[in-house]
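Residues per chain are reported as follows:
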Amino acid sequence: MKVVYKVEETTKGVIINVENNLESLQKLVNGYIETVKTPIKNVVIVCNEEGLLKKMKPNFAILKYNKEWDELYSDSMIVGPALFVGVKGADFRSLTQDE
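What you are looking at is a predicted structure, and each value in this text was computed from that prediction instead of being measured. (Residues numbered from 1 in each chain as written. Predicted model: local features only at pLDDT ≥ 70, side-chain atom pairs only at ≥ 80, totals over all residues. Heavy atoms only, no water.)

## What to know about the overall build of the protein chain
Within the protein chain, the regular secondary structure consists of 1 helix and 8 strands. From first element to last, N terminus to C terminus, the protein chain shows the α and β order β-β-α-β-β-β-β-β-β. A globule of 99 residues ought to have a C-alpha radius of gyration of about 13 Å, and the protein chain, at 14 Å, matches this closely. With respect to the principal axes defined by its C-alpha atoms, the protein chain has extents near 45 × 30 × 25 Å. Classification of the 99 residues of the protein chain by burial places 34% in the buried group. Look at the contacts in the protein chain between residues 6 or more apart in sequence, and 44% of them connect residues 24 or more apart. Carbon and sulfur atoms provide 53% of the accessible area of the protein chain, an area that totals close to 7000 Å². Treating the 13 positive side-chain charges of the protein chain as one cloud and the 14 negative ones as another, the clouds have centres 4 Å apart. (Helix = DSSP H or I, 4+ residues; strand = E, 2+ residues; numbered from the N terminus. Rg over C-alpha atoms; globule rule 2.2 N^0.38 Å. Buried < 20%, exposed > 50% of the residue type's maximum accessible area, 1.4 Å probe, protein only. Contact = heavy atoms within 4.5 Å. Areas by Shrake-Rupley, 256 points an atom, 1.4 Å probe, with all protein chains shown as cover. Lys, Arg positive; Asp, Glu negative; His and termini not counted. Charge placed at Lys NZ, Arg CZ, Asp CG, Glu CD.)

## Comments concerning helix 1 (residues 22-29)
Every buried residue of helix 1 is listed here: Ser-24, Leu-25, Leu-28 and Val-29. Buried residues along helix 1 cover an arc of 120° about the axis, so they all sit on one side. Every exposed residue of helix 1 that faces more than 90 degrees away from the buried side is listed here: Glu-23 and Lys-27. Structurally, helix 1 contributes buried residues whose contacts are with strand 1 (2-6), strand 2 (14-17), strand 3 (33-37), strand 4 (43-48), strand 7 (82-88) and strand 8 (91-93). Residue Asn-21 occupies the N-cap position of helix 1, its side-chain oxygen lying 3.3 Å from the main-chain nitrogen of Glu-23. Where helix 1 terminates, the next one or two residues include Asn-30, which has phi positive at roughly 65°. (Arc of directions from axis to C-beta. Polar contact = N/O pair within 3.5 Å; in protein donor to acceptor, adjacent residues only side chain to side chain.)

## Section: the packing of aromatic side chains
Under the definition given, this model contains 1 aromatic pair. Arranged with centres 5.5 Å apart and planes meeting at 25°, the rings of Phe-60 and Phe-84 form a pair that is stacked. Remark: Phe-84 occurs in strand 7 and Phe-60 occurs in strand 5 (residues 58-66); sequence separation between them is 24 residues. Judged by relative accessible area, which is 16%, Phe-60 ranks as buried. (Phe/Tyr/Trp six-rings, centres within 6.5 Å; stacked < 30°, edge-to-face > 60°.)

## Let's talk about the nonpolar core
Ranked by size, the top nonpolar core spans 12 residues in total: Met-1, Val-3, Tyr-5, Val-18, Leu-25, Leu-28, Val-29, Val-44, Val-46, Leu-83, Val-85 and Val-87. Those elements giving two or more residues to this core turn out to be strand 1, helix 1, strand 4 and strand 7. Residue contacts for Leu-28: discarding those within four places in its chain leaves Tyr-5, Ile-16, Val-18, Pro-81 and Leu-83. In terms of nonpolar packing, the next biggest core, distinct from the first, is built from 7 residues, Phe-60, Ile-62, Ile-78 and Ala-82 among them. (Core = buried A, V, L, I, M, F, W, Y, C linked by side-chain atoms within 4.5 Å.)

Encoded structure:
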């Protein structure tokens, strides 16, 4: 499955191929996985569920737009390695070219 893998704050995400199974995803994020919604339809972030408890390094912030104040604000911080993965229903899938 084709995904975008982002390791740490100072690196750009890279496209990699990974097996679509729990063990492969856990290995890439160094532990139990958690999914986080993104503003992109049918794309989620897969990250380490215990990243904050393990004091993993910050990777990137998730920004949201407040129409009332006309500004972006940080909604949450993703720590540790993360993957951007396509979803179809309850299943993970490869990202498309447009995603």
